[in-house]
Amino acid sequence: MLVIDPAWGGKVQFYELLFGIWTVYIFLVLMWEKVLRATLPEWKYVLLNFMGAGAFWINHYFQKAPLWFTLLNAYTAIFLAVWWWVAVRGQPRSAGWKVGALFGAIVYTVAFIGFEQLSRFGVERYGVNEFWFMAASFFGFIGVILWRAGSDRA
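These numbers were taken from a predicted model, which means no experiment stands behind them.

Thresholds, definitions, all that
- Residues numbered from 1 in each chain as written.
- Predicted model: local features only at pLDDT ≥ 70, side-chain atom pairs only at ≥ 80, totals over all residues.
- Heavy atoms only, no water.
- Phe/Tyr/Trp six-rings, centres within 6.5 Å; stacked < 30°, edge-to-face > 60°.
- Helix = DSSP H or I, 4+ residues; strand = E, 2+ residues; numbered from the N terminus.
- Buried < 20%, exposed > 50% of the residue type's maximum accessible area, 1.4 Å probe, protein only.
- Lys NZ or Arg CZ within 6 Å of the ring centre and 35° of its normal.
- Axes fitted to C-alpha atoms, helices over the stretch in contact; angles between N-to-C directions.
- Left-handed = near helix turned anticlockwise from the far one by under 90°.
- Nonpolar A, V, L, I, M, F, W, Y, C, P; charged D, E, K, R; others polar.
- Salt bridge = Lys/Arg side-chain N within 4 Å of Asp/Glu carboxyl O.
- Patch = residues over 30% accessible without salt bridge, like charges linked within 9 Å, V, L, I, M, F, W, Y side chains within 5 Å.
- Areas by Shrake-Rupley, 256 points an atom, 1.4 Å probe, with all protein chains shown as cover.
- Contact = heavy atoms within 4.5 Å.
- Core = buried A, V, L, I, M, F, W, Y, C linked by side-chain atoms within 4.5 Å.
- Expected span 1.5 Å × (residues − 1).

S.K.: What is the right way to look at the packing of aromatic side chains in this model?
M.R.: Working definition: an aromatic ring pair is given by the centre-to-centre distance plus the angle between the planes. For the structure on display, the rule yields 15 aromatic pairs. Ring geometry for Trp 8 and Phe 62: centres 6.0 Å apart, planes at 40°, overall tilted. One end of the pair, Trp 8, is in the segment before α1 (14–35); the other, Phe 62, is in the loop between α3 (55–61) and α4 (68–88), and 54 residues separate them in sequence. On the basis of relative accessibility, which here comes to 16%, the residue Phe 62 falls in the buried class. Measuring from centroid to centroid gives 4.8 Å for Phe 131 and Trp 132, while their planes differ by 80°, and the two rings are edge-to-face. Taken together, the ring pairs connect Trp 32, Phe 79, Trp 83, Trp 97, Tyr 108 and Phe 112 into an aromatic cluster. The ring of Trp 85 is capped by Arg 89, whose NZ or CZ atom sits 3.6 Å from the centre of that ring. The ring of Trp 97 carries Arg 93 above its face, with NZ or CZ at 4.9 Å from the centroid.

In structure tokens, the structure reads:
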């Protein structure tokens, strides 16, 4: 049985993850469609966002563990491989575009962390109860679903 030492836990909280997921999903879609000028099937956006959110496990449960850096690097390699395989590989674009699209994974990650930090800043600096970030996330997810529901990309 895998035992996770509670002392390994990081500071990242669930409300941060939840707030980051829906906000960065908007960022992800707009980055691909407006900046990279490529449209992906909706399932690919969902998969990339799911993979991005997976880093939460490492930072929440293992941030102070001796193997944290190794886990984070391994997850980063897997994330970049999935990003390439799912979104970039096979695109009928130039090599330069593909490098830029792969670099988009780093931009996406920074944005995700930024959205999470925005909610943490609101809670820790301004005393906003995390409930309000959870509520914003609830309505944010509804907004994303309604926005993307009109998409005919399966």
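S.K.: Looking at this structure, I do not really get the packing of α1 against helix α5 (residues 95–124). What am I missing?
M.R.: Their axes nearest at 8 Å, the elements α1 and α5 cross at an angle of 145°. The handedness of the crossing between α1 and α5 comes out as right-handed. When its residues are assigned to classes, the contact of α1 with α5 shows 18 nonpolar, four polar and three charged.

S.K.: Sorry if this is basic, but what is going on with the pattern of salt bridges here?
M.R.: Pairing is possible between side chains that carry opposite charge, provided their charged atoms lie close to one another. Going through the model one piece at a time under the given rule, you end up with four salt bridges. A salt bridge links Glu 33 to Arg 148, with the shortest nitrogen-to-oxygen separation between them at 3.4 Å. One end of the pair, Glu 33, is in helix α1; the other, Arg 148, is in helix α6 (residues 130–149), and 115 residues separate them in sequence. Judged by its relative accessible area of 22%, Glu 33 is partly exposed. With its nearest N and O atoms 2.8 Å apart, the salt bridge here joins Glu 42 to Arg 148.

S.K.: Got a minute to help me understand a nonpolar patch on the surface in this structure?
M.R.: Taken together, the side chains of Leu 2, Ile 4, Phe 50, Trp 57 and Tyr 61 define a hydrophobic patch exposed on the protein surface, amounting to about 570 Å² of accessible area. Along the chain, Leu 2 turns up in the segment before α1. Judged by its relative accessible area of 68%, Leu 2 is exposed.

S.K.: Explain the environment of Tyr 108 to me, please; I cannot follow it from the model alone.
M.R.: Turning to its location among the elements, Tyr 108 is positioned in helix α5. For Tyr 108, a relative accessible area of 0% gives the class buried. Not counting residues up to four positions away in its chain, the partners in contact with Tyr 108 are Val 24, Phe 27, Leu 28, Met 31, Leu 48, Asn 49, Gly 52, Ala 53, Phe 79 and Trp 83.

S.K.: Would you explain the nonpolar core in this entry?
M.R.: The tendency in soluble globular proteins is for nonpolar side chains to be buried as a group. Leu 28, Trp 32, Leu 48, Trp 83 and Tyr 108 are the most contacted members of the largest nonpolar core, which has 36 residues in total. Mapped onto this core, the elements with two or more residues apiece are α1, α2 (42–53), α3, α4, α5 and α6. Setting aside residues no more than four positions away along its own chain, Trp 83 makes contact with Leu 28, Met 31, Trp 32, Leu 48, Val 88, Ala 101, Leu 102, Gly 104, Ala 105 and Tyr 108.

S.K.: Help me understand unusual backbone geometry in this model?
M.R.: Trans is the prevailing form of peptide bonds, just as negative phi is the prevailing case for residues other than glycine. Of note, Arg 37 is a non-glycine position whose phi angle comes to about 55°, a positive value. Looking at the element boundaries, Arg 37 is found in the loop between α1 and α2.

S.K.: Can you help me understand α2 in this one?
M.R.: Compared with the 16 Å implied by 1.5 Å per residue over twelve residues, the 17 Å span of α2 between its first and last C-alpha is a close match. Those residues of α2 that sit buried are Glu 42, Lys 44, Tyr 45, Leu 48, Asn 49, Met 51, Gly 52 and Ala 53.

S.K.: Can you walk me through α5 in this structure?
M.R.: Every α-helical turn comprises 3.6 residues, leaving residues that sit three or four positions apart pointing alike. For α5, built from 30 residues, the straight-helix expectation of 44 Å at 1.5 Å per residue is met to within 8% by its first-to-last C-alpha distance of 43 Å. Buried residues of α5: Trp 97, Ala 101, Gly 104, Ala 105, Tyr 108, Ala 111, Phe 112, Glu 116, Ser 119, Arg 120 and Gly 122, and no others. Of the surrounding secondary structure, the elements contacted by the buried residues of α5 are α1, α2, α4 and α6.

The values are spatial; any link to function lies outside them.
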